[in-house]
Amino acid sequence: METDLRHALDRHELELYYQPKIHLASGKIAGIEALIRWNHPEKGLISPDAFIPLAEETGLILPIGKWVIQEACRQTRAWQKAGMTDLQVSVNVSTQQVQPYTLMESIVGALTESGLASESLVVELTESMAMDDPELKIELLNKIKASGVCFSVDDFGTGYSSLSYLQRLPITELKIDRSFIIDLPDNKDGGAIVSAIVAMAHSLGLKVVAEGIETQAQLDFMRTVNCDIIQGYFYSKPLNKKDFEIYAATL
Ligand code: C2E
Ligand code: MG
Ligand code: MG
């Protein structure tokens, strides 16, 4: 698997899928999240949970992560030119990428090469990544933010956030982890947590994304708590380039 992964980039076996994020109020597209897939020659399509940990262990995440940002920026710029003028793309990064030189260099390189405006790029860090050595993260993210790139905290609620650090991080968005959404609206405690996260985020001036919305009932619940943006199979699974174009044409 490791040897195969080493060649995956050169052999063009990695591919980005795109999942739309939808504004709850208008039903319009708020952006897309780029999610990596590996088209393995024998094993077929492999999901990130099955190879990102290996990429992290072996250090291959650095070239792979750099490619993800490049490819997401390139594709989004192409879609903007084709008419989706305001399209914004979110990318996921691993801990090893969130280092002073590494992250800045990949982002600046990808934006320059693609011609994508920095405002069109959102970088998602998981909550535990953001809270690991938070002083360093605050400094690093502030430097990058100065160029116009936005940051989002992914899988919110699964780690341990210091609220004083959360308030100091230059982020614009919180993504509520799917585990809180999954048994809504029946789970009253889960509902109370989601409602509190949305209220807290709004009072900090952050937008809230609900991850993993699959049913109308979950969507209705998110409306009652005033969530801003919805991402989930209810609207669309992550789609390859061609299928995303077909989906976008129906919007
Ligand atoms: P994530 O960033 O939290 O992405 C959301 C995951 O939830 C995606 O899984 C997406 O397909 C899935 N999802 C979205 N809506 C629904 C839904 O309604 N129901 C269900 N059951 N699932 C839903 P995916 O694509 O398998 O990615 C898993 C994780 O792998 C991501 O979680 C992210 O942490 C990581 N990942 C994906 N792409 C990259 C990448 O390019 N770089 C790095 N470092 N990590 C990545
Ligand atoms: Mg994400
Ligand atoms: Mg997530």
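A quick note: this is a predicted structure, and the numbers were derived from the prediction, not measured.

Summarising the metal site, the magnesium ion (ligand 3) is bound by the protein donors Asp154 (OD), Asp155 (OD), Glu211 (OE) and Glu211 (OE), whose distances to it range over 2.0 to 2.4 Å. Ordering the donors of the magnesium ion (ligand 3) by residue number gives the pattern D-D-x55-E. A separation of 4.3 Å is found between the magnesium ion (ligand 3) and the magnesium ion (ligand 2), which are bridged by Asp154. The exposure class assigned to Asp155 is partly exposed, which follows from its relative accessible area of 23%.

For the rest of this paragraph, the subject is unusual backbone geometry. Residues other than glycine predominantly adopt negative phi, and peptide bonds predominantly adopt the trans conformation. Cis peptide bonds are those with omega within 30 degrees of zero, and the linkage from Leu184 to Pro185 qualifies with 0°. With respect to the helices and strands, the residue Pro185 is situated in the loop between helix H8 (178-181) and helix H9 (188-203). Phi is positive for Asn226, close to 75°, though the residue is something other than glycine. Note on placement: Asn226 falls in the loop between helix H10 (216-224) and strand E9 (229-231).

Another point: the coordination of the magnesium ion (ligand 2). Only Glu33 (OE), Asn92 (OD1), Glu124 (OE) and Asp154 (OD) from the protein reach the magnesium ion (ligand 2) as donors, at distances of 2.0 to 2.2 Å. Linear spacing of the donor residues for the magnesium ion (ligand 2) on their chain is E-x58-N-x31-E-x29-D. For Glu33, a relative accessible area of 4% translates into the label buried. What makes Asp154 buried here is its relative accessible area of 5%.

Okay, the site of ligand 1 next. For ligand 1, the set of nearby residues contains 22 residues, the closest of which are Arg37, Asn92, Asp154, Glu214 and Tyr233. One of the side-chain N or O atoms of Gln19 is found 3.1 Å from a nitrogen atom in ligand 1. In this structure, an oxygen atom belonging to ligand 1 sits 3.0 Å away from a side-chain N or O atom of Glu33. Contact with the protein chains removes 85% of the 810 Å² of surface that ligand 1 exposes when unbound. Of all the elements in the fold, those that place two or more residues in the shell around ligand 1 are strand E2 (29-40) and strand E6 (150-156). In terms of residue count, E2 provides more of the shell around ligand 1 than any other element does, 4 residues in total.

You can see Glu13 is positioned in the loop between helix H1 (2-8) and strand E1 (14-23). Despite its burial, Glu13 remains without a salt bridge, the nearest opposite charge being carried by Arg11 at 4.8 Å. For Glu13, the contacting residues outside a window of four places in its chain are Ala8, Arg37, Trp38, Asn39 and Pro41.

Reading the values: rules and limits
All residue numbers here refer to positions counted from 1 along the written sequence of the relevant chain. Note on labels: chains are lettered from A, ligands numbered from 1, in written order. Reporting of local features is limited, given that this is a predicted model, to residues whose pLDDT is at least 70; pairs of side-chain atoms are given and counted only at 80 or more, and all residues count toward the totals for whole chains, interfaces and linings. Based on all heavy atoms of the structure, the side-chain values leave hydrogens and waters out of the count. Only nitrogen, oxygen and sulfur atoms count as donors, using a 2.8 Å cut-off from the metal that widens to 3.2 Å for Na, K and Ca. Water is left out, so coordination shells may look unfilled. Accessibility here uses a 1.4 Å probe with only protein chains present; expressed as a share of the type maximum, an area under 20% marks a residue as buried, one over 50% as exposed, and anything in between as partly exposed. Helix numbers and strand numbers start at the N terminus; a helix is a DSSP run of H or I with at least 4 residues, a strand a run of E with at least 2. A single heavy atom is enough: if one lies within 4 Å of a molecule or strand, its residue is considered near that molecule or strand. Under this definition, polar contacts are N or O atom pairs within 3.5 Å; protein pairs additionally need one hydrogen-donor-capable and one acceptor-capable atom, and for neighbouring residues in sequence, both atoms have to be side-chain atoms. Surface accessibility follows the Shrake-Rupley procedure with a 1.4 Å probe radius. Residue values consider only the protein chains on display as shielding. Lys and Arg are tallied as positive, Asp and Glu as negative. Neither His nor the chain termini are counted. By convention in these notes, a salt bridge is any Lys or Arg side-chain nitrogen within 4 Å of a carboxyl oxygen on Asp or Glu. Note on contacts: a residue pair is in contact if any heavy atoms of the two residues lie within 4.5 Å.

Geometric values such as these leave the question of function open.
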